[in-house]
Amino acid sequence: MPESIFKQISLDILKLHRDSVYSLLATSGCNCQVHEAAYVNIDGKYYISLSCEPEVGEVKTGILLIEDESRNLRLSWVGSARELDRKDSAYKRALSALSRKLGRCKDKLHTAVQPFLLELVPEKGRFSVGDEEVWISRNDLVRALYPVGYSMRQAML
C-alpha cells in the first residue's frame, strides 16, 4: 500500500480496534455459522471467543468483520483459522487479553468460564471509510496497530 494512503487510514484502523469489542465471524463447522464474538488482536493475529464449539478440525477459514457504524468504518478479513487448545500458551495469552478488553465493557454476556478460542491469521483484507475502500495486507495491519514495535523491528533488519 502506498505510504500516503497508509498514513490516511492507519489511525482509523487503530481507533476501530481500540473502540470495538465485538466482531462478526463467519465460519463453517458450527451449528451457528455467523458468530457475534469478542476478539482481540495480538501481533497481527485475531483471537476470537466463540459461544459454541465447532466440530473438531472443521474450522479452516474464517471471514471477520469489524465495524463502527457511527463513523462508517469497516474492516473485513479472510484468513486461515485454527482452534486453540486450552493448554496452548497462545490460548492463555489471548484469554488474558480478552479479559482485559472485556473489563472495559459493561456488557459481558458473551463471556464464558472456559471459552472456545479460535485464532485467525489474516490473509486478505479490505478497509472501508464511507464509500472508499482499500485493500490492506497483514503487514499493514501490524504497522497500524503496533507502530512502535514495527519501527523497532524494521530498524533491526
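Owing to the predicted nature of the structure, the values given are computational and were not obtained by experimental measurement.

**Student:** If you had to explain the packing of aromatic side chains to someone new, which residues and values would you point to?
**Tutor:** Per the counting criterion, the structure on display carries one aromatic pair. Looking at R143, its charged tip hangs above the ring of F6, at a distance of 3.7 Å from the centre.

**Student:** Tell me about the nonpolar core, and please be specific about residues and values.
**Tutor:** By size, the foremost hydrophobic cluster in this structure holds 24 residues, and its most contacted members are I13, Y46, I48, L64 and F127. Residue assignment for this core shows that the elements contributing at least two residues are α1 (3-19), β2 (34-42), β3 (45-50), β4 (61-68), β5 (73-83), β6 (116-129) and α3 (138-145). With near-sequence residues (within four places) excluded, F127 lies in contact with I9, D12, I13, L16, L73, R74, L75, E132, E133, V134 and I136.

**Student:** Account for the pattern of salt bridges, naming residues and giving values.
**Tutor:** Applying the stated criterion across every chain, the model contains nine salt bridges. For E3, the salt bridge goes to R143, with nearest N and O atoms at 2.7 Å. Taken together, the residues span a long stretch of sequence, with E3 in helix α1 and R143 in helix α3 at a distance of 140 residues. In this structure E3 comes out as partly exposed when scored by relative accessible area, which is 41%. Here D68 ties to R71 by a salt bridge, and the two come within 2.8 Å at their closest N and O atoms. Using a relative accessible area of 31% as the deciding quantity, one classes R71 as partly exposed. Among the ionic contacts, a cluster of salt bridges with common partners joins R18, D19, D68 and R71.

Parameters at a glance
Residues numbered from 1 in each chain as written. Predicted model: local features only at pLDDT ≥ 70, side-chain atom pairs only at ≥ 80, totals over all residues. Heavy atoms only, no water. Phe/Tyr/Trp six-rings, centres within 6.5 Å; stacked < 30°, edge-to-face > 60°. Lys NZ or Arg CZ within 6 Å of the ring centre and 35° of its normal. Core = buried A, V, L, I, M, F, W, Y, C linked by side-chain atoms within 4.5 Å. Buried < 20%, exposed > 50% of the residue type's maximum accessible area, 1.4 Å probe, protein only. Helix = DSSP H or I, 4+ residues; strand = E, 2+ residues; numbered from the N terminus. Contact = heavy atoms within 4.5 Å. Salt bridge = Lys/Arg side-chain N within 4 Å of Asp/Glu carboxyl O.

As far as function goes, none of this settles anything; it's purely spatial.
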